[in-house]
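Take a look at the letters that make up each chain.
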Amino acid sequence: MRISFAHEKYSDEELTESIRGILSQSELCSIATVKDKNTSYIHTAYFAFTDSLKLYFLSDPSTQHCVNIKKNPSVAVAIADNHQPWQEPKRGLQFLGTCKLAQGREKLSAQLSYVERFVSYKDWYSLLTKKDLLEFKSKFFVVDVHWVRLFDEPRFGEEVYITVVPNRKK
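Residues numbered from 1 in each chain as written. Predicted model: local features only at pLDDT ≥ 70, side-chain atom pairs only at ≥ 80, totals over all residues. Heavy atoms only, no water.

Student: Just to check I follow, could you spell out the layout of surface pockets for this structure?
Tutor: A water-sized probe rolled over the atoms picks out the places where empty space is left. Of the pockets and cavities examined, the largest pocket occupies roughly 280 Å³. Every residue lining the largest pocket is counted, 14 residues in all, and those nearest its centre are K107, Q111, S138, K139 and F140. Secondary structure elements with two or more residues in the lining of the largest pocket: α3 (105-117), α4 (119-126) and β8 (139-152). Counting residues per element, the lining of the largest pocket draws most heavily on α4, which supplies 3 residues. For the lining of the largest pocket, the per-class residue count stands at 9 nonpolar, 3 polar and 2 charged. (1 Å grid on protein atoms, 1.4 Å probe; cavity = no way out; pocket = protein on both sides within 12 Å on 5 of 7 lines; lining within 4 Å. Points joined across faces, edges and corners; volume = space filled by probe spheres on them. Helix = DSSP H or I, 4+ residues; strand = E, 2+ residues; numbered from the N terminus. Nonpolar A, V, L, I, M, F, W, Y, C, P; charged D, E, K, R; others polar.)

Student: Looking at this model, I keep getting lost on a nonpolar patch on the surface. Mind explaining?
Tutor: A cluster of nonpolar side chains, W124, Y125 and L133, forms an exposed patch at the surface whose accessible area comes to about 260 Å². Structurally, W124 can be placed in helix α4. Assessed through its relative accessible area of 35%, W124 is described here as partly exposed. (Patch = residues over 30% accessible without salt bridge, like charges linked within 9 Å, V, L, I, M, F, W, Y side chains within 5 Å. Areas by Shrake-Rupley, 256 points an atom, 1.4 Å probe, with all protein chains shown as cover. Salt bridge = Lys/Arg side-chain N within 4 Å of Asp/Glu carboxyl O. Buried < 20%, exposed > 50% of the residue type's maximum accessible area, 1.4 Å probe, protein only.)

Student: What am I meant to see in unusual backbone geometry here?
Tutor: If a residue is not glycine, its phi is most likely negative; likewise, a peptide bond is most likely trans. Positive phi, normally seen in glycine, also occurs at L53, with a value near 60 degrees. Note on placement: L53 falls in the loop between β4 (48-49) and β5 (54-59). Even without a glycine there, the phi angle at E159 is positive, about 55 degrees. Summarising the element assignment, E159 is placed in the loop between α6 (153-156) and β9 (161-164). The exposure class assigned to E159 is exposed, which follows from its relative accessible area of 57%.

Student: Can you walk me through empty space enclosed by the protein in this structure?
Tutor: The tally for this structure, following the rule as stated, stands at 1 cavity of 30 Å³ or more. Roughly 80 Å³ of internal volume is contained in the largest cavity. Considering the residues around the largest cavity, the lining is formed by I3, F5, T16, I19, R20, L23, F49, T50, D51 and L53. Examining the composition of the lining of the largest cavity, we find that 4 residues originate from one element, helix α1 (residues 12-25), more than from any other.

Student: Explain the pairing of β8 to me, please; I cannot follow it from the model alone.
Tutor: Successive side chains on a regular strand alternate, one facing one side of the sheet and the next facing the other. Sheet analysis places β5 next to β8, joined by 6 bridges and oriented antiparallel. From the neighbouring strand, L58 faces β8, where its bridge partner is F140. (Pairing = 2+ DSSP bridges.)

Student: Looking at this model, I keep getting lost on the pairing of strand β7 (residues 91-101). Mind explaining?
Tutor: Examined bridge by bridge, strand β6 (residues 74-79) and β7 share 6 bridges and lie antiparallel to one another. Looking across to β7, one finds that V75 is bridged to G97. Direction of pairing for β7 relative to β8: antiparallel, over a ladder of 11 bridges. Counted as the bridge partner of L101 is F141 from β8.

Right, here's the structure in full:
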């Protein structure tokens, strides 16, 4: 699946390359969920991703953030390399989207993305017995990104924030 952004100033290739670079540079993201009308909740997770801007993370469905997602799938995600020196040009992403438990093909895509990204996960998973798998509480969740705010100062300049809506084409 190909993704486009229809931005008036920057090409799809420039934006895709920047977003992919930032996603590849960081392994952790912060995901905010809605607990109720007046309360939000945030957690940190390791994530994998696809070229069509699907994010995958593993989590126990009984945790507060997963309970929140089940009630209200709206999420906000922040991704940035936390080793960036303050005085240097910055790179980061903010996403808005929806999240759900990965099922069927989406679950397989999540598994493959995780194996590709985290070699240690692949090694660990290959050692699990059937009993271990049955007892393993964490499940894959998928974030479908609907909105992106990108800042990539080395590429686009100081304090340039680019907001785009991804358009997925087959």
